[in-house]
Amino acid sequence: MLLVGWVVGKGATPIDDWFQRFWDSPARRLAFVTKPSVLVIVLLVVLLVALYRRRWRLAAATPLAPVVGIVFVQLLKPVFGREKGGGFAYPSGHVTTLVVVMGLVVLVAGCAWWAVSVAVAAILLGMVGVGITFHYFTDTVGGLLLGSAIVCVVALTSGHAPRRT
C-alpha cells in the first residue's frame, strides 16, 4: 500500500483517467456497497453470528477492525497528500472499510467458498463505483491493500488464520 501510494504520486494516472471517463454512467451507483448504513448492517450480522458461534475474539474484533482501518486511513492521507475534489484521497477509506467488513464476513463464515465469492464481488463492485466517483481508481487499490492487511491481523489475532493440515 505504501509503495503504490508513492508510485502514483499526487495526481491521476492513466488508469485513473480511464475510470474517470465513466463518472456520469450508471456504474457510479456501484458505490452503494460502501455506504455506512450497508456496512453497519453487515457488521451487525457478523457480530451476531460470531457471538452465536462463541467466537469471542472475532466478536471483539468486529467493531474494532473497521475503526482501526479508518484511523489508519486518516493518519496516512496527509502523508501521501494526494487530493481529489479538495480533499485527501489516498488511500480510499470507503474501500478500506468495505474490505475490512467483507473480510470479517469471510472469517465468520469460516472461509466458506460462498463468503469468499460474495466478498470478492462486493469489493470489486465497490472499487469500480468508488473509483469512478469521489476517488481515483488507484486510491481504491490502496484501500484494498490496507484493508487486506487489517483483515490478516484480525485473522491472526482472533485465531482464524488458515492452518496447514
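## Remarks on the nonpolar core
Logical step 1: Grouped together as the largest cluster of nonpolar side chains are 41 residues, with contacts concentrated most on Leu 58, Met 102, Leu 104 and Val 154.
Logical step 2: Mapped by element, the contributors of at least two residues to this core are helix 3 (36–52), helix 4 (56–80), helix 5 (93–108), helix 6 (113–131) and helix 7 (137–157).
Logical step 3: Broken down by element, this core gets its largest block of residues, eleven residues, from helix 5.
Logical step 4: With residues up to four places along the chain from it excluded, the contact list for Met 102 reads Val 118, Ala 119, Ala 122 and Ile 123.

## Here we look at the packing of aromatic side chains
Logical step 1: Tallied over the full model, the rule gives five aromatic pairs.
Logical step 2: On the basis of an interplanar angle of 50° and a centroid distance of 5.8 Å, the ring pair of Trp 6 and Phe 80 is categorised as tilted. Of the two residues, Trp 6 is situated in helix 1 (residues 2–8) and Phe 80 in helix 4; the sequence distance between them amounts to 74 residues.
Logical step 3: Owing to a relative accessible area of 56%, Trp 6 belongs among the exposed residues under this scheme.
Logical step 4: Judged by relative accessible area, which is 5%, Phe 80 ranks as buried.
Logical step 5: On the basis of an interplanar angle of 85° and a centroid distance of 5.0 Å, the ring pair of Trp 18 and Phe 19 is categorised as edge-to-face.
Logical step 6: Between the NZ or CZ atom of Lys 84 and the centre of the ring of Tyr 136, over which it lies, the distance is 5.4 Å.

## Description of the pattern of salt bridges
Logical step 1: Counted according to the given criterion, the structure contains two salt bridges.
Logical step 2: The residue Arg 82 makes a salt bridge to Asp 16 at a minimum N-O spacing of 2.7 Å. With Arg 82 in the loop between helix 4 and strand 1 (83–84) and Asp 16 in helix 2 (residues 14–20), the pair connects residues that are 66 residues apart, well separated along the chain. The two residues Arg 82 and Asp 16 agree in class, both being buried.

## Quick look at a nonpolar patch on the surface
Logical step 1: Together, Leu 48, Leu 51 and Trp 56 make up an exposed nonpolar region whose accessible area comes to about 340 Å².
Logical step 2: Along the polypeptide, Leu 48 turns up in helix 3.

## Notes on helix 5
Logical step 1: Over its 16 residues, helix 5 runs 22 Å from end to end, which matches the ideal 22 Å to within 8%, given 1.5 Å per residue.
Logical step 2: Counting buried residues along helix 5, 15 of its 16 residues qualify, which places the element largely inside the surrounding structure.
Logical step 3: Taken from the residues just after helix 5, Gly 110 is the one with a positive phi, measuring 70°.

## Concerning the environment of Thr 34
Logical step 1: With respect to the helices and strands, the residue Thr 34 is situated in the loop between helix 2 and helix 3.
Logical step 2: Of the residues examined, Thr 34 reaches a relative accessible area of 4% and is grouped as buried.
Logical step 3: Once the C-alpha coordinates of Thr 34 and Val 99 are considered, the two residues, 65 residues apart in sequence, prove to be 9.4 Å apart.
Logical step 4: In terms of polar contacts, Thr 34 uses its side chain to reach the backbone carbonyl oxygen of Ala 31, at 2.7 Å.

Analysis parameters
- Residues numbered from 1 in each chain as written.
- Predicted model: local features only at pLDDT ≥ 70, side-chain atom pairs only at ≥ 80, totals over all residues.
- Heavy atoms only, no water.
- Core = buried A, V, L, I, M, F, W, Y, C linked by side-chain atoms within 4.5 Å.
- Buried < 20%, exposed > 50% of the residue type's maximum accessible area, 1.4 Å probe, protein only.
- Helix = DSSP H or I, 4+ residues; strand = E, 2+ residues; numbered from the N terminus.
- Contact = heavy atoms within 4.5 Å.
- Phe/Tyr/Trp six-rings, centres within 6.5 Å; stacked < 30°, edge-to-face > 60°.
- Lys NZ or Arg CZ within 6 Å of the ring centre and 35° of its normal.
- Salt bridge = Lys/Arg side-chain N within 4 Å of Asp/Glu carboxyl O.
- Patch = residues over 30% accessible without salt bridge, like charges linked within 9 Å, V, L, I, M, F, W, Y side chains within 5 Å.
- Areas by Shrake-Rupley, 256 points an atom, 1.4 Å probe, with all protein chains shown as cover.
- Expected span 1.5 Å × (residues − 1).
- Polar contact = N/O pair within 3.5 Å; in protein donor to acceptor, adjacent residues only side chain to side chain.

This is a description of form; function is not addressed.
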